[in-house]
Amino acid sequence: MAVNILGLSAFFHESACCLLRDGVLVAAAEEERFSRVKHDPRLPVAAFRFCLEAGGIGITDVDCVAYYEDPVRKHSRQLWAGAPAGAQLDPERPERAIRELLGWEGPIRFYDHHASHAASAFFWSGFPEAAVLTVDGVGEWATTTYGTGRGAHIERLAEVEFPHSLGLLYSTITSWLGFAVNDGEYKVMGLAPYGEPRLVDAMRKLVTSGPGGDFRLDLDCFDFIRGERMFSPRLSALLGAGPRPRGGEMTQLHMDVARSLQVVLEEILLEKTAWLHAQTGLPDLCMAGGVALNVVANGRILREGPFKRLFVQPAAGDSGGCLGAAALAHAELTGERPLVTGDGGAMRHAFLGPRWSPAEVARLVAATGLPALDFRGRTEELLEAVVDRLARGEVVGWFHGALEMGPRALGARSLLADPRLPGMRDRLNLLVKKREAFRPFAPSVLAAHAGAHFDLDHPSPFMLETCAVTSPLDLPAVTHVDGSARPQTVDPAVAPRYAALLEAFRRRTGCPLLVNTSFNVAGEPIAGSPVDALFTFGTSGVDALVLEDFLLDRGGLPDGWAERLAAWRLRAVPADRRSAISEELYTFV
Ligand SMILES: [Fe+2]
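What comes next is a walk through the structure.

Details of the pairing of strand 22 (residues 550-553)
Relative to strand 22, strand 13 (residues 373-374) runs antiparallel, the two being bridged by 2 bridges. Each residue of the ladder has a partner; that of Leu373, found in strand 22, is Leu551. With 4 bridges connecting them, strand 21 (residues 544-547) and strand 22 associate as antiparallel partners. Pairing of Val546 across the sheet is with Leu551, part of strand 22.

Dropping the structure here:
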């Protein structure tokens, strides 16, 4: 009898569900990809249904539900901090919701938030033993933990507790810079290279490194414990200006603040990872928690720190907590370490979400009534047709295979473009992504060619570290202002069709890279279903859309097609019902 464990993250930022069967990760997805509510924090009912369907099981086949944090301990911290006005603090809410909304009557195991992060990194790393670092805003009490993983066990060596938090430091400055907390941190990181580190002394007053793994925030400058804002007036006094209003003018000071924050964060992480290395004597490091998505810091930890190898869980934020919770439950129930891929190796891909069969997509395309080129059975011709469009400067929406788990599009739900074109970055930013012009795009590169274009000597399949661009090609669309990029190395054994597309582009142009950005417009989650992809196509400036074996060209579509698609989507069945999409969606056209 197989051991089926469902992992859940919910009720804070980005809920998600995964299915672990006999220790093998069968399925995982964020709720936002189904509900279309960005960062949806609700119990992941749709992702739960998807996981059961992907595993071909019913709820009675599930042995255990594993939840990614301890609501009672979290409640104790919330009570200590003082509940914000109107907050509903109820430590029994997760269990009640799991019982009522999922109909689950069996055992629920609750795991510590940072233990879940640690497990999501170590068990998925493939390392037999490794040092483990988790860093985020806050879990129950811990904000940073240091430990070791060996076999089926993870031991915590030390921790830093709330309110001292590198994640909340970063989020506080994010808020001061006029961006949304838990969303705008990427923007601050992208802004940093435009600034000068002339405020590092002020930043070092905000956060002071202590002995061992410890650090302290100057709490006079923060107001997140009880206040309505993240920061106090003291922070503005320290930085020499008031906070930037949301959407306000971006000045050099704002860029200098971002740069100084980034520098000080990197300093502390370098110091603490060096300490962790000295404590453990282990050559490899695993990381998770929201701060582990700071890809610039990750690159420096690997290049300048003492660890030989670094594995960062691609779903390093709270959505990935479900993976760790499920893994911990598996280790407790069986005494064995979970296997990620079934072969005992490291996590090689994140294609763990829903996929649509060629027949389903064919029916969907037919239902739209839109003219589409049908390349079924002619994959090479499809790829050549896509290369035609990329080579003439078009932006292509690329929908293929199973949806990615985690914040990055990795070639399953991506927007692709030629990275050599000088105007491509602005075009993507203004017309398609509709986001700030300063934010860089990331490239995908054939793994075998990565070393010829980047200062990178190891695979980087999840876009989790930055490195210097060393390419003989001019790559303005993917090279940041400081000469860095955040490449994804693509292995043909892991993503055959995407790799074949890159190879076809290389044959035609000599360039084995493409711009790869997520298939969504600003404010929307990444497209999950083909319906979402069609809708994004209709509401953005994307030139062409690949839906598995079908290719739609914007220029070939009839007048009013986008409005028709929009109306059509409103009439579609709820997006959280995958099987319903397969069966019922086509009935109205
Ligand atoms: Fe977290």
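Concerning the sheet that holds strand 1 (residues 4-9)
Read across the open sheet, the 5 strands follow the order 3-2-1-4-5; overall the sheet is mixed. Of all strands in the sheet, those with a lone pairing partner are strand 3 (24-30) and strand 5 (108-110), marking the two edges. Between one strand axis and the next, the sheet turns by 20° as a mean value, whatever way the strands run. The pairing of strand 1 with strand 2 (residues 16-21) spans 6 bridges and is classified as antiparallel. Bridging from a neighbouring strand, Ser9 pairs with Ala16 of strand 2. The strands touched by helix 12 (residues 321-334) within the sheet are strand 1, strand 2, strand 3, strand 4 (64-67) and strand 5, with strand 1 carrying the most contacts at an inclination of about 145°.

A closer look at the coordination of the iron ion
With distances of 2.1 to 2.3 Å, the protein atoms coordinating the iron ion are His113 (NE2), His117 (NE2), Asp136 (OD) and Asp318 (OD). Coordination at the iron ion comes from 4 donor atoms whose angles at the metal span 90 to 167°, giving a geometry best classed as irregular. Read in sequence order, the donor residues coordinating the iron ion give the pattern H-x3-H-x18-D-x181-D. Linking His117 in helix 5 (residues 113-125) with Asp318 in the loop between strand 12 (309-312) and helix 12, this pair joins segments that are 201 residues apart in sequence.

A look at the environment of Gly103
Checked against the element boundaries, Gly103 lands in the loop between helix 4 (93-102) and strand 5. In the structure, Gly103 is positioned 294 residues away from Gly397 in sequence and 38 Å away in space, judged by C-alpha atoms.

Some points on the pairing of strand 1
Counted residue by residue, strand 1 has 6 buried out of 6 residues, so it is predominantly covered. Burial along strand 1 is two-sided: Asn4, Leu6 and Leu8 facing one way and Ile5, Gly7 and Ser9 facing the other are all buried. Hairpin connection between strand 1 and strand 2: a loop of 6 residues separates the two successive antiparallel strands, and Phe11 in this loop has a positive phi of roughly 70°.

Some words on helix 16 (residues 496-509)
Given a rise of 1.5 Å per residue, 14 residues ought to cover 20 Å, and the 20 Å separating the end C-alpha atoms of helix 16 matches this to within 8%. Residues Arg497, Tyr498, Ala499, Leu501, Leu502, Ala504 and Phe505 constitute the buried set of helix 16. Close packing links the buried residues of helix 16 with helix 14 (379-391), strand 14 (396-399), strand 15 (413-417), strand 16 (443-446), strand 19 (488-490) and strand 20 (513-518).

Conventions we followed
- Residues numbered from 1 in each chain as written.
- Predicted model: local features only at pLDDT ≥ 70, side-chain atom pairs only at ≥ 80, totals over all residues.
- Heavy atoms only, no water.
- Pairing = 2+ DSSP bridges.
- Helix = DSSP H or I, 4+ residues; strand = E, 2+ residues; numbered from the N terminus.
- Axes fitted to C-alpha atoms, helices over the stretch in contact; angles between N-to-C directions.
- Contact = heavy atoms within 4.5 Å.
- Donors = N, O, S within 2.8 Å, 3.2 Å for Na, K, Ca; no water.
- Tetrahedral: all angles 85-135°; square planar, octahedral: opposite > 155°, others 65-115°.
- Buried < 20%, exposed > 50% of the residue type's maximum accessible area, 1.4 Å probe, protein only.
- Expected span 1.5 Å × (residues − 1).

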